[in-house]
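Remarks on the overall topology
Listed here are the chains, written in short residue letters.
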Amino acid sequence: MVTKDIKYVGVNDRDIDLFEGQFVVPEGMAYNSYVIIDEKIAVMDTVDRKFGDEWLSNIKSVLGDRTPDYLIVQHMEPDHSANIAIFAKAYPEAVIVSSDRAFKMMQNYFETDFSDRRVIVKEGDTLSLGKHTLSFIAAPMVHWPEVIMTYDSFDKVLFSADGFGKFGAMDADEDWACEARRYYFGIVGKFGAQVQNVLKKAAGLDIEIICPLHGPVLKENLGYYLDLYNTWSSYGVETEGVAIFYTSVYGNTKKAVGLLADELKKTGCPKVAVTDLARDDMAEAVEDAFRYGRIILATTTYNGEIFPFMRTFIQELTERGYRNRKIGLMENGSWMPVAAKTMKKMFESSKGITFTDTVVTIHSAVKSENTDRIKALAKEICE
């Protein structure tokens, strides 16, 4: 139960291996749906296709003999919209409420836009259920173009679509920020400006509860979650320290990274995080790159450019609008090291990126001549 009138009817997916076909989710996923019970009844979003029967059973269990008057569709991604047609068949008198763009997407998914039983809403429109009045907030590109959020002024609840969501089933016992951060930068991160627009709208609302489409209902210390979202969407620095990301073929670059990490700690760097891009989770690496304000990239020259995992990693950052960071570079090459030059070039279109003057260049194996450069890089990145 969210409030006396708002009931949770979502489901947990503990069988999923990859969310959106790419993100490892060891603690599963939650597909959230809610029912607002008033003079009229509104169901907020559906769930993933695999759980249609369970979801309808959950609705039935909280409504008893009553039936929904509305299905409000905030987001058309299939993990939230796949059961619209099943709902429409189960409740033929119910009206579907969504944005104009969403109904166009429904035509693509279901070969109908429900023109005989729909209400199109836009920014500022309202829907009265009785004592509960719902106001609709346009949230385009957070993170699809059709998205709306919904505010219930009676219970002071913001239904935030995919905003404030996280990886993990509802019964997952884990820190919210870690998996919410990985979720945000993996899925929403490119659209920081759009998230900032929604946060400005939210600032004008009296919000006591946030109900996202993934992860737990947020009821306490909302300032903590709002502040994190503001930091993430403004590309600010969340954690002071340095994150090192590396690839290594025969262990020599790895050895240099170890020496660098030790030097960073000696300089008094508050935190040093080290990620092996070939072995550690790529989404967690992306998360850390946005979390810290200073990073070091270390890789080998490979096929005349850089090692594939490093290339993929930098592409993951730049396509998400990576900016406002200080970057140090370390390269290794047996006869023609070009990795530093290649990496630097990949950030040409990124805003607010500065590079350290010191670049560490290793020729095959780490030697005594590299030590001073490693110390200099540690000192400069920590200044």
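Before going into details, it helps to say that this report is about the structure given with it.

**Some details on the overall build of the protein chain**
Scanning the protein chain from N- to C-terminus turns up 12 helices and 21 strands. Over its C-alpha atoms, taken along the principal directions, the protein chain stretches across nearly 80 × 40 × 35 Å. Counting only residues that meet the buried cut, the protein chain has 55% of its 383 residues in that class. Look at the contacts in the protein chain between residues 6 or more apart in sequence, and 71% of them connect residues 24 or more apart. Here the protein chain has roughly 16,600 Å² of accessible surface; of this, 48% comes from carbon and sulfur atoms. Charged side chains in the protein chain number 44 positive and 56 negative. The centres of these two groups are separated by 5 Å.

**Let's talk about the pattern of salt bridges**
Applying the stated rule across the entire model yields 22 salt bridges. Its salt-bridge partner being R181, residue E238 comes within 2.7 Å of it at the nearest N-O pair. Note that E238 is positioned in the loop between α7 (222-233) and β16 (239-246) and R181 in helix α5 (residues 176-188), a separation of 57 residues in sequence. D281 is the salt-bridge partner of R182, the closest N and O atoms lying 3.6 Å from each other. Of the two residues, R182 is situated in helix α5 and D281 in the loop between β17 (272-276) and α9 (282-291); the sequence distance between them amounts to 99 residues. On the accessibility criterion, R182 (2% relative accessible area) is buried.

**Thoughts on the nonpolar core**
Membership of the largest hydrophobic core comes to 90 residues, with the highest contact counts inside it found for F19, L297 and F313. Sorting elements by how many residues they give to this core places α5 first, with eight residues. Residues contacting F313, with those up to four places away along its chain left out, are F245, L277, M282, A285, V286, A289 and L297. If you look at the next biggest cluster of nonpolar residues, it comprises 20 residues, including A261, V272, M330 and V366.

**Here's the deal with the sheet that holds strand β9 (residues 95-98)**
Strand order in the open sheet formed by six strands is β1-β6-β7-β8-β9-β10, and the pairing between neighbours is mixed. Each of the sheet's edge strands pairs with one partner strand only, and the pair in question is β1 (6-8) and β10 (118-120). Adjacent strand axes in the sheet meet at a mean angle of 20° when their direction is disregarded. Here β1 pairs with strand β6 (residues 34-37) via three bridges, running antiparallel. Looking across to β6, one finds that Y8 is bridged to Y34. Contacts between helix α1 (residues 52-63) and the sheet are confined to β1, β6 and β7 (41-44), with β6 contributing the most and set at about 25° to the helix. Against the sheet, helix α4 (residues 100-110) contacts β9 and β10, and its axis sits at roughly 120° relative to β9.

Parameters at a glance
Residues numbered from 1 in each chain as written. Predicted model: local features only at pLDDT ≥ 70, side-chain atom pairs only at ≥ 80, totals over all residues. Heavy atoms only, no water. Helix = DSSP H or I, 4+ residues; strand = E, 2+ residues; numbered from the N terminus. Buried < 20%, exposed > 50% of the residue type's maximum accessible area, 1.4 Å probe, protein only. Contact = heavy atoms within 4.5 Å. Areas by Shrake-Rupley, 256 points an atom, 1.4 Å probe, with all protein chains shown as cover. Lys, Arg positive; Asp, Glu negative; His and termini not counted. Charge placed at Lys NZ, Arg CZ, Asp CG, Glu CD. Salt bridge = Lys/Arg side-chain N within 4 Å of Asp/Glu carboxyl O. Core = buried A, V, L, I, M, F, W, Y, C linked by side-chain atoms within 4.5 Å. Pairing = 2+ DSSP bridges. Axes fitted to C-alpha atoms, helices over the stretch in contact; angles between N-to-C directions.

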